[in-house]
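# An overview of the molecular structure
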Amino acid sequence: MLRGLEVADIMEGVHNCVVNCAGVERGENVLIVTDTVSEERIVQALASMCKAQGADVVTIVMKPRDWPMQEPPEIVAQAMRHADVIFTPIYYSISHTRASIIARLEYGARYINLPTLSMDSLKSEAAKFPAPLISKIYDKVHEIWGRAKKIHITAENGTDVSGNIVSKFYTGGMPHFPMQEGEFLAFGGAMGIYGMWPGGDEGDANGVMYFDAAHMFVGKLEVPLKYVIKNGRVVEVDGGKEAEHFRNIVENVPNGDHLAEWMIGLNPKARVILDEDVTHVEAHRHAGALHTAIGNSKVLGGDVYANVHLDNYIIEPTMIFDGTTLVDKGKLLVLDDPDVQDMAKEYGVSW
Amino acid sequence: MNNSPKSGTSHELAQEIFVQGLVGDPENSDFIARHDRAIQFTIEGETPFVVDVRGGKVEIYEGTSNDPDLAITANSDIFRQVFRGLMSPGEAWMDDQWWVGGAFSDYVGTSWIMRLIKAGVHSRMKQIW
């Protein structure tokens, strides 16, 4: 079997990531941070595309981190401060670590996170999805979510949680395309998210959430994971065999109980793939699906730092903002907006 | 709007770093002109002030903005350490020493203001020494 030709099939997705999203240009310094268990062909393809753009590319291979958002070695952190663009095709993300935040915010690096990325994801329609169309969908979501004062989330699995949106500083989450200095993008074979930090100034999120999938566990959960949330903190964890893991984090990791984000996917081509990896990044970008994090919100407009950031997942939420429904049983309603549909036709995309 | 700084205040130090240092150094002109942002500074125990960077010019005035693009909240000791180059703005933020709002939806502005502060401190040091 001529396995090497598989790389050709991912190049359109890699081009979308490197050129349309990251905006890598001639003369820029690109750093690729990867680990010994990640897909070598993806690293080669990213480096090749950056080289083709005229960038100078340095690749660092490190030992995989022991858990998501564990700080990278200091030598990696220092190298990140000198890069114009950082790509991290990696097993456990380092995107929300001190090293990455300092590199981005204090040194202006553009950061593209590609955790547990597979060849299959990079071949997908989601990876090729036009960046301007995602921006249009983002703007339509922002018109509702970014101007609202109250959010209410329900789901048929029993989820019923609500909170106030106390500041414009706490909503958003997508970069420009092409990206600008200091911006962050998670490209999990797809891009497109919008969200908020539900802690807010008053930490007023309250209710109960049941999750269909959980970070660090492959596949859909047999028994939904349950969080009881009071004033922006998780006060009770229940569920199947996975619950003990999250209960341990909530009870023992400083700020591990902090509700760090509510975030939906915007990409109608992103697939709900839960059984291939522990991160579910492409599924998080599926239009209308919700992921919720506990732990660090520091990079998300929040002011709470934790040495952990774990995302759990609801496939079909209903989300209402000041009485306006944005997501109805997992369907992102702005996808039917005439402006969005017109632009989709321009790009020859339908869903 | 009052453009006259008070002696020994964070407002005065901001004037020194942003106006004398940053704007006074021609090397910074392209960098300053890259974005327009109004940044609200709230320093504990002091009158709030706004740093308005627009069209490559910097205006600083006491008071509050109705709709700032970014907001920085700090106590005066941390503010002085950052604006004297003794503490990195990013590390201070990570260590909960000061709060920089706008980070969720405005990474560009947050990154830019942190680097503007560093550039201003660097330029002011060059002028002094």
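Residues numbered from 1 in each chain as written. Chains lettered and ligands numbered in written order. Predicted model: local features only at pLDDT ≥ 70, side-chain atom pairs only at ≥ 80, totals over all residues.

### Quick word on the overall build of chain A
For chain A, the helix and strand inventory stands at nine helices and 19 strands. Each principal axis of the C-alpha atoms in chain A carries an extent, and together these give about 50 × 50 × 45 Å. When the 351 residues of chain A are sorted by exposure, 55% land in the buried category. Long-range contacts, defined here as pairs at least 24 residues apart, represent 72% of the contacts in chain A between residues at least 6 apart. (Helix = DSSP H or I, 4+ residues; strand = E, 2+ residues; numbered from the N terminus. Buried ≥ 20, exposed ≤ 12 C-beta atoms within 10 Å, placed from the backbone. Contact = placed C-beta atoms within 7 Å.)

### Digging into the nonpolar core
If you look at the biggest cluster of nonpolar residues, it comprises 142 residues, and the most contacted ones within it are C21, V30, L46, I86, I112 and L266 of chain A. Here this core gets eight residues from one element, more than from any other, and that element is helix α5 (residues 107–128) of chain B. Apart from the residues within four sequence positions on either side, I112 of chain A is in contact with C17, C21, A22, I86, F87, L185 and F187 of chain A. (Core = buried A, V, L, I, M, F, W, Y, C linked by C-beta atoms within 7 Å.)

### Observations concerning the sheet that holds strand β7 (residues 171–172) of chain A
Residues and elements named next belong to chain A. Here six strands make up an open sheet; going across it, the order is β7-β9-β14-β15-β16-β11 and the pairing antiparallel. In this open sheet, the two strands that pair with only one neighbour each are β7 and β11 (213–214). As paired elements, β7 and strand β9 (residues 193–196) share two bridges and run antiparallel to each other. Each residue of the ladder has a partner; that of T171, found in β9, is M196. (Pairing = 2+ DSSP bridges.)

### Observations regarding the interface of chain B and chain A
Taken together, the contact pairs 20 residues of chain B with 25 residues of chain A. Among the secondary structure elements, those contributing two or more residues to the side of chain B that touches chain A are α4 (89–94), β5 (98–101) and α5 of chain B. Element by element, the count of residues in the side of chain B that touches chain A is highest for α5 of chain B, at seven residues. In terms of residue class, the side of chain B that touches chain A is built from 10 nonpolar, seven polar and three charged. (Nonpolar A, V, L, I, M, F, W, Y, C, P; charged D, E, K, R; others polar.)

### With respect to the packing of helix α1 (residues 6–21) of chain A against helix α2 (residues 40–52) of chain A
Residue and element names in this part refer to chain A. Between α1 and α2, the least distance of the axes is 9 Å, while the angle of their chain directions is 55 degrees. Classed by the angle they form, the pair α1 and α2 counts as oblique. Note on packing geometry: the crossing formed by α1 with α2 is right-handed. Side by side, α1 and α2 meet where E6, V7, I10, M11, V14, H15 and V18 of the first sit next to R41, A45, L46, M49 and C50 of the second. Partitioned by chemical class, the residues of the contact of α1 with α2 number nine nonpolar, one polar and two charged. (Axes fitted to C-alpha atoms, helices over the stretch in contact; angles between N-to-C directions. Parallel < 35°, antiparallel > 145°, perpendicular 65-115°, else oblique. Left-handed = near helix turned anticlockwise from the far one by under 90°.)

### Brief notes about the sheet that holds strand β2 (residues 56–62) of chain A
Across a sheet, strands are paired by hydrogen bonds formed along the backbone, either parallel or antiparallel in direction. Residues and elements named next belong to chain A. Pairing is parallel across the open sheet formed by five strands, whose spatial order is β2-β1-β3-β4-β8. Every interior strand has two partners, whereas the edge strands, β2 and β8 (184–186), have only one. Across the sheet, the axes of successive neighbouring strands diverge by a mean angle of 15 degrees, strand direction being ignored. Note: strand β1 (residues 29–35) against strand β3 (residues 85–90), three bridges, orientation parallel. Pairing of L31 across the sheet is with I86, part of β3.

### What about unusual backbone geometry?
Residue and element names in this part refer to chain A. Residue P178 is bonded to the preceding F177 through a cis peptide linkage, with omega at -5 degrees. Phi angles above zero are rare outside glycine, and N255 is one such case at about 65 degrees. Tracing the backbone through its elements, the reader meets N255 in the loop between α7 (243–252) and β14 (259–265). Backbone geometry at K329 places phi at a positive 50 degrees, although glycine is not the residue there. Mapped onto the secondary structure, K329 falls in the loop between β18 (324–328) and β19 (331–332).

### As for the environment of V250 of chain A
Structurally, V250 of chain A is set in helix α7. Taking C-alpha positions, V250 of chain A is 12 Å from N307 of chain A, a pair spaced 57 residues apart along the chain.

### Side note on the confidence of the model for chain B
Residue and element names in this part refer to chain B. Scored by pLDDT, chain B has a mean of 88; 91% of the residues are at 70 or more. Across chain B, the secondary-structure element scoring lowest on mean pLDDT is β5, at 78, and the one scoring highest is strand β2 (residues 49–54), at 96. This model gives residues 1–7 a pLDDT under 50, and the stretch forms 11 contacts once residues within four places in sequence are excluded. Overall fold confidence (pTM) sits at 0.85, and the ipTM for the predicted complex is 0.84. (pLDDT = per-residue confidence, 0-100.)

### As for the pairing of strand β15 (residues 290–295) of chain A
Residue and element names in this part refer to chain A. For β15, the tally of buried residues reaches six of six residues, placing the bulk of the element in the interior. Two strands pair when backbone bridges link them, and β14 and β15 are joined in this way by five bridges, in the antiparallel orientation. Counted as the bridge partner of M263 is H291 from β15. As paired elements, β15 and strand β16 (residues 309–314) share six bridges and run antiparallel to each other. By the bridge assignment for β16, G295 is matched with H309.

### Looking at helix α9 (residues 338–346) of chain A
Sparse coverage of α9 of chain A is indicated by the burial of zero of its nine residues. Residue G348 of chain A follows α9 of chain A closely and has a positive phi angle near 70 degrees.

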